[in-house]
Amino acid sequence: MTDWTTYVAQPWQTTALRLRGDASPISGQAAYDAVVAAAEPFRHGSRFRTLPDVRFLRAPGRVGVPGELLPGPTDTSLQEYLGRVGAEPFVLAVREPLMLGYPLWSQVRALIEPLWQLIGVPVAPVSCDLVVSGGLPWQQSTPGYHSLVWALDGQLTAQVDGETLTGEAGDLLSWPPGTAEISGSGCLWLRLLLPTDGKLAAEEVVRLLIANLERRRGTAAAPYLPLSEADQVMSPYQETAARMAELSHSPAIERSLRVQWAKRISAGALEPVPAPRRSDLVPGQRVRSVARVYRQPDDDKFLWAVNGHAFTVGGGDELLAELRDGEFAVRDDAYLPLVRRLHALRAVEVVTP
């Protein structure tokens, strides 16, 4: 695992660093399988404004319809895929692949949460990429974000501000916001982008305020005024400013921000998060707690957050105590729907006899 204590003892916020690791911090095969799963829809045509986002690049630029250049079911390993398409240099990048599956997402959360214990949880979400480097140098600019890059398979090189960082499986390469040229031959790597620009947190609040403002106005359309009023103060500006000021002190906005923060804490800031699963728990089964549940007062109820999801329930003290004990039997009582919800959100797992 990554030695975060050693890492934060260095000038990591301002300097490009390499931190050696003994082995890949997450499963390289699981990471490759996530790349294959994310790429499958893109094999049948381009997709826009969707997550995960998949991009295949050659030397001239992005290939609009990569088709069979993307990994598929017959490419059962990274080496098989590279052997099939690696004759010409390329880069295959997947943005936000972790949302497709809980096991890999939870591995990455377990990797990064010890860092949050030392420096705090970022207020804005952390972006994630899985990248296959097939010999093509890739220049990346990340204003507002600090880069954490792990080589999962193969060797990776990053040119940062005239400095060369080289990492092998398990090594962490890190650099502050800026431009870097990243290259590797037959390399699979994981990148986390940590927010550093305070405007990123402000933008989240602004988006929330604007969404509520549009609901109050009943439209997202821009207002038009007759030319006869051109010499007057534009009333929509005044109305918008007044409504934004009012909304900023609204209990509903405050609660929305509190819910959002509870989700972020429970997700380890890795968003978007995997969707819930279907729960088929029945009374009599034994379950054990496998993920921390965050709970805080919410008017006369409680807000529960787990694995990036949040919901409100009344009470729950007895069940929370059982979760803290670790293992308990599912009962056919008032708590059954809540236990099933926790199971759907992967906070509890069935104990195998």
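Residues numbered from 1 in each chain as written. Predicted model: local features only at pLDDT ≥ 70, side-chain atom pairs only at ≥ 80, totals over all residues. Heavy atoms only, no water.

Enquirer: Mind laying out unusual backbone geometry, listing which residues take part and the relevant values?
Expert: Note the cis peptide between Leu-51 and Pro-52, where omega equals -5°. For Pro-52, the location among the structural elements is in the loop between helix 2 (28-39) and strand 2 (53-58). The backbone of Asp-299 sits at a positive phi, close to 60°, despite the residue not being glycine. Relative to the assigned elements, Asp-299 resides in the loop between strand 13 (294-298) and strand 14 (301-306). On the accessibility criterion, Asp-299 (74% relative accessible area) is exposed. In this structure, Arg-346 takes a positive phi of about 65° despite not being glycine. Examined against the element boundaries, Arg-346 turns out to sit in the loop between helix 9 (336-344) and strand 17 (348-350). Under the relative-accessibility criterion, Arg-346 is labelled buried at 15%. (Helix = DSSP H or I, 4+ residues; strand = E, 2+ residues; numbered from the N terminus. Buried < 20%, exposed > 50% of the residue type's maximum accessible area, 1.4 Å probe, protein only.)

Enquirer: Go over the pattern of salt bridges with me, naming the residues and quoting the values.
Expert: Per the stated rule, a full pass over the model turns up 21 salt bridges. For Arg-264, the salt bridge identified is with Glu-204, shortest N-O distance 2.7 Å. One end of the pair, Arg-264, is in helix 7 (residues 251-267); the other, Glu-204, is in helix 5 (residues 198-217), with 60 residues separating them in the sequence. Residue Arg-264 shares its accessibility class with Glu-204, and that shared class is buried. (Salt bridge = Lys/Arg side-chain N within 4 Å of Asp/Glu carboxyl O.)

Enquirer: Could you give an account of the pairing of strand 15 (residues 309-313), naming the residues involved and the relevant values?
Expert: The two faces of a sheet get side chains in turn, since along a regular strand they alternate between them. A one-sided burial pattern is seen for strand 15, the buried positions being His-309, Phe-311 and Val-313 and the unburied ones Ala-310 and Thr-312. Two strands pair when backbone bridges link them, and strand 14 and strand 15 are joined in this way by 5 bridges, in the antiparallel orientation. Along strand 15, the bridge assignment pairs Leu-303 with Thr-312. Where strand 14 folds back on strand 15, the antiparallel hairpin that results is connected by 2 residues, among which Asn-307 adopts a positive phi of roughly 50°. (Pairing = 2+ DSSP bridges.)

Enquirer: So, the sheet that holds strand 17: which residues are in play, and what are the values?
Expert: Across a sheet, strands are paired by hydrogen bonds formed along the backbone, either parallel or antiparallel in direction. The sheet built from 3 strands is open, its strands ordered 16-12-17 with antiparallel pairing. Of all the strands in the sheet, just strand 16 (327-329) and strand 17 have a single pairing partner and so form its edges. Averaged over neighbouring strand pairs, the angle between their axes works out to 30° when direction is ignored. Pairing of strand 12 (residues 286-289) with strand 17 involves 3 bridges; the strand directions are antiparallel. Among the inter-strand pairings, Val-287 is bridged to a residue of strand 17, identified as Val-350. In the packing of helix 8 (residues 317-325) onto the sheet, the strands contacted are strand 12, strand 16 and strand 17, and the crossing angle to strand 16 comes to about 130°. (Axes fitted to C-alpha atoms, helices over the stretch in contact; angles between N-to-C directions. Contact = heavy atoms within 4.5 Å.)

Enquirer: I'd love a proper account of the environment of Gln-159, names of residues and values included.
Expert: Position of Gln-159 relative to the elements: it lies in strand 8 (residues 156-160). Separated by 137 residues in sequence, Gln-159 and Gln-296 have C-alpha atoms that sit 45 Å apart. Here Thr-164 takes part through its side chain, which lies 2.9 Å from a polar atom of the side chain of Gln-159. (Polar contact = N/O pair within 3.5 Å; in protein donor to acceptor, adjacent residues only side chain to side chain.)

Enquirer: Describe helix 2, naming the residues involved and giving the relevant values.
Expert: Counted at 1.5 Å a residue, the expected span for helix 2 with its 12 residues is 16 Å, and the 17 Å between its end C-alpha atoms agrees. Among the residues of helix 2, those classed as buried are Ala-31, Tyr-32, Ala-34, Val-35, Val-36, Ala-38 and Ala-39. (Expected span 1.5 Å × (residues − 1).)

Enquirer: Any chance you could break down the side chain of Arg-346 for me, citing the residues and the numbers?
Expert: Among buried charged residues, Arg-346 stands out as having no salt bridge; its nearest opposite-charge side chain is Glu-349, 5.9 Å away. Other than its neighbours up to four places away in sequence, Arg-346 contacts Tyr-102, Pro-274, Ala-275, Pro-276, Arg-277, Val-290, Ala-291 and Asn-307. (Lys, Arg positive; Asp, Glu negative; His and termini not counted.)

Enquirer: Tell me about the sheet that holds strand 14, residues and numbers included.
Expert: Taken together, the 3 strands give an open sheet; going across it, the order is 13-14-15, and neighbouring strands pair in antiparallel fashion. The two strands at the open ends of the sheet, each matched to only one other strand, are strand 13 and strand 15. Going across the sheet, the axis of each strand differs from the next one's by a mean of 25°, ignoring polarity. Across the sheet, helix 9 touches strand 14 and strand 15, and the angle it forms with strand 15 is around 175°.

Enquirer: Describe the pairing of strand 6 (residues 138-141), naming the residues involved and giving the relevant values.
Expert: Every second residue of strand 6 is oriented toward a common face, the buried set being Trp-138 and Gln-140 and the non-buried set Gln-139 and Ser-141. Sheet topology note: the strand 6/strand 11 (residues 179-195) ladder contains 4 bridges and is antiparallel. Bridge pairing in strand 11 places Trp-138 opposite Ile-182.

Enquirer: Go over the packing of helix 4 (residues 102-119) against helix 7 with me, naming the residues and quoting the values.
Expert: Close contact between helix 4 and helix 7 brings their axes to 10 Å; oriented N to C, the two are set at 90°. With respect to helix 7, the axis of helix 4 lies roughly perpendicular. Only Ile-265, Ser-266 and Ala-267 of helix 7 make contact with helix 4, whose side of the interface consists of Trp-105, Arg-109 and Glu-113. Taken together, the residues that form the contact of helix 4 with helix 7 break down as 3 nonpolar, 1 polar and 2 charged. (Parallel < 35°, antiparallel > 145°, perpendicular 65-115°, else oblique. Nonpolar A, V, L, I, M, F, W, Y, C, P; charged D, E, K, R; others polar.)

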